[in-house]
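Each chain is listed here by its residues.
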Amino acid sequence: MAKKIEMLSGSISDKILLFAIPLALTGILQQLFNAADVMIVGRYSSKYAMAAVGSNTPVIGLLINLFLGISLGVNVVIARYIGLKNQNKINSATGTAVIISIAGGLLFAAIGQIIAVPVLSLMSIPENVFPMATSYFRIYMMGMPAIFLYNFESAIFRSYGDTKTPLYCLVIAGLLNVALNLFFTICLKRNADGVAIATVISNVVSSLIMFVILMKNKNGIHIEKSCLKIDGPVLKEILKIGIPAGVQSMLFSFSNIIIQSSINSLGADIMAASAAAFNIEIFAYFVVNAFGQAASTFIGQNYGAGQIERCKKVTRRALALDMAFTIVISFIIIIFAGRILYFFNEDPAVISYGRTRIYFITWFQLVNVLIEVFSGALRGYGQSFAPAVISFFGVCGVRITWVYTIFNNHKDFNTLLTCYPISWCVTAAILTGYYFWFNRKKVHMENAL
């Protein structure tokens, strides 16, 4: 197991990099393995199977983002207990996290089977894509317990500053996923359902590896068998931070479902192009998000230890580093967009539409840096509700309004994509203002004490 990062003293920038880079690589690798699903069905099955996989992305994201938000609550709460040096609370939070991840996963797996057809029917999926999309959705949802467990286990490791162990486990499971994708699509001639089965199996493997490590390790990060139960007060703290964070993520996904429904109405070529482009452009987001999570964890520990000035330094350093790395990854994606899209599908129309989407999304990732870092910093302070409310109006509200007004009168791909940068700019402006207001308020409170 990788060595934990000392967050409470010493230098900051290099430690943020040691935390954020493996975390970004984890997200990128995870997306590469997800992209393998889309790429393999696009190359070895059909663009309709490719569209089926891609059309599921926003729906699945909406359903799982609440629990992924709660995992952020786990991260912050355990980090705070580490700052307080309260080992009993650390053990209770770790055990509580494992139990609620498995229970929540089982619940969502069951719900997924019931809502598959009704939910996908609302998304304007073409008839020649719908059966494959439904099959993919149902199989993928069966893997929710493993997906939730892996993400909660990752949050536990992150709270200690260890982002490398989840990365190593993901590499093993991801390579298995690619091998199984090829086996199911080429050898067994399966389409979207084959890659869904491969994804479920690989997620089970990664979550089990992490669980074994947590059980076997006796130094630092570990799970006590006696603590594998729900601790009410600890759960309340986790949910206080996690539910607003999850709602914030769900709002992004909900607005993306509305956009995906509009994309579906524009035909299979644009559906396939969006699925491919999403699997490329999101690499930049994982870099952006990694530094936001670094801000949450570092501030969580330092706030627990009462080191407010160090918390502010963490925010500034995370923001600067995030900007620099995002500029680099964004330029790489934009320059090589067309060539990468070719690996997903050789259809010229798919490549053209995909390049258009990448340009719209990637040029504005710097705005996303403000959203992710300031949201992460506020969560580290325990302020998770405000970013969720701001996202509701700035992201969800703007995008839905745009789709049902502007796009409804000008139904073309470029008009639809414009809602992304506009919603980000509105949200970033409001969130930045709130963050500085919150910091001034905190300074006044400290001076009063």
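Everything here concerns the structure above.
Here we summarise the structure given alongside this text. Quick caveat: nothing in here was measured; it's all calculated off a predicted structure.

### Side note on the packing of aromatic side chains
- Counted under the stated rule, the structure contains 17 aromatic pairs.
- Ring centres 6.1 Å apart and planes at 55° place the aromatic pair tyrosine 285 and phenylalanine 286 in the tilted group.
- On the basis of relative accessibility, which here comes to 17%, the residue phenylalanine 286 falls in the buried class.
- Between phenylalanine 392 and phenylalanine 393, the aromatic rings sit 5.0 Å apart at their centres with planes inclined by 85°, giving edge-to-face as the arrangement.
- Phenylalanine 392 gets classed as partly exposed once you look at its relative accessible area, which sits at 41%.

### Structural notes on the nonpolar core
- Counting 134 residues, the largest nonpolar core has Ile16, Val74, Ile78, Tyr136, Phe137, Met144 and Ile156 as its most contacted members.
- If you tally residues by element for this core, the top one is helix 9 (residues 268–304), at 20 residues.
- Every residue in contact with isoleucine 78, bar those within four places of it in the chain, is listed here: Ile90, Ala93, Thr94, Ile156, Ser159 and Tyr160.

### Section: the packing of helix 9 against helix 10 (residues 308–335)
- One way to put it is that helix 9 packs onto helix 10 with a least axis distance of 9 Å and a crossing angle of 170°. The orientation of helix 9 relative to helix 10 falls into the category roughly antiparallel.
- Residue composition of the contact of helix 9 with helix 10, grouped by class: 18 nonpolar, five polar and three charged.

### Details of the pattern of salt bridges
- Across all of its chains, the model carries three salt bridges by this definition.
- A salt bridge links arginine 190 to aspartate 193; the nearest nitrogen and oxygen atoms lie 2.3 Å apart.
- Its relative accessible area of 39% is what places arginine 190 among the partly exposed residues.
- The salt bridge involving arginine 357 is made with glutamate 281; its shortest N-O contact spans 2.8 Å. Taken together, the residues span a long stretch of sequence, with arginine 357 in helix 12 (residues 348–362) and glutamate 281 in helix 9 at a distance of 76 residues. The two residues arginine 357 and glutamate 281 agree in class, both being buried.

### Points about unusual backbone geometry
- Here lysine 85, not a glycine, exhibits a phi torsion of approximately 60°, which is positive.
- The residue lysine 189 is not glycine, and still its phi comes out positive at about 60°.
- Of note, lysine 189 is situated in the loop between helix 6 (164–187) and helix 7 (192–216).
- Given the relative accessible area of 66%, lysine 189 is considered exposed.

### Points about the packing of helix 2 (residues 47–84) against helix 9
- Closest axis-to-axis distance for the helix 2/helix 9 pair is 11 Å, and the angle between their directions is 0°. In terms of axis orientation, helix 2 runs roughly parallel to helix 9.
- The class makeup of the residues in the contact of helix 2 with helix 9 is 15 nonpolar, 11 polar and three charged.

Definitions and cut-offs
- Residues numbered from 1 in each chain as written.
- Predicted model: local features only at pLDDT ≥ 70, side-chain atom pairs only at ≥ 80, totals over all residues.
- Heavy atoms only, no water.
- Phe/Tyr/Trp six-rings, centres within 6.5 Å; stacked < 30°, edge-to-face > 60°.
- Buried < 20%, exposed > 50% of the residue type's maximum accessible area, 1.4 Å probe, protein only.
- Core = buried A, V, L, I, M, F, W, Y, C linked by side-chain atoms within 4.5 Å.
- Helix = DSSP H or I, 4+ residues; strand = E, 2+ residues; numbered from the N terminus.
- Contact = heavy atoms within 4.5 Å.
- Axes fitted to C-alpha atoms, helices over the stretch in contact; angles between N-to-C directions.
- Parallel < 35°, antiparallel > 145°, perpendicular 65-115°, else oblique.
- Nonpolar A, V, L, I, M, F, W, Y, C, P; charged D, E, K, R; others polar.
- Salt bridge = Lys/Arg side-chain N within 4 Å of Asp/Glu carboxyl O.

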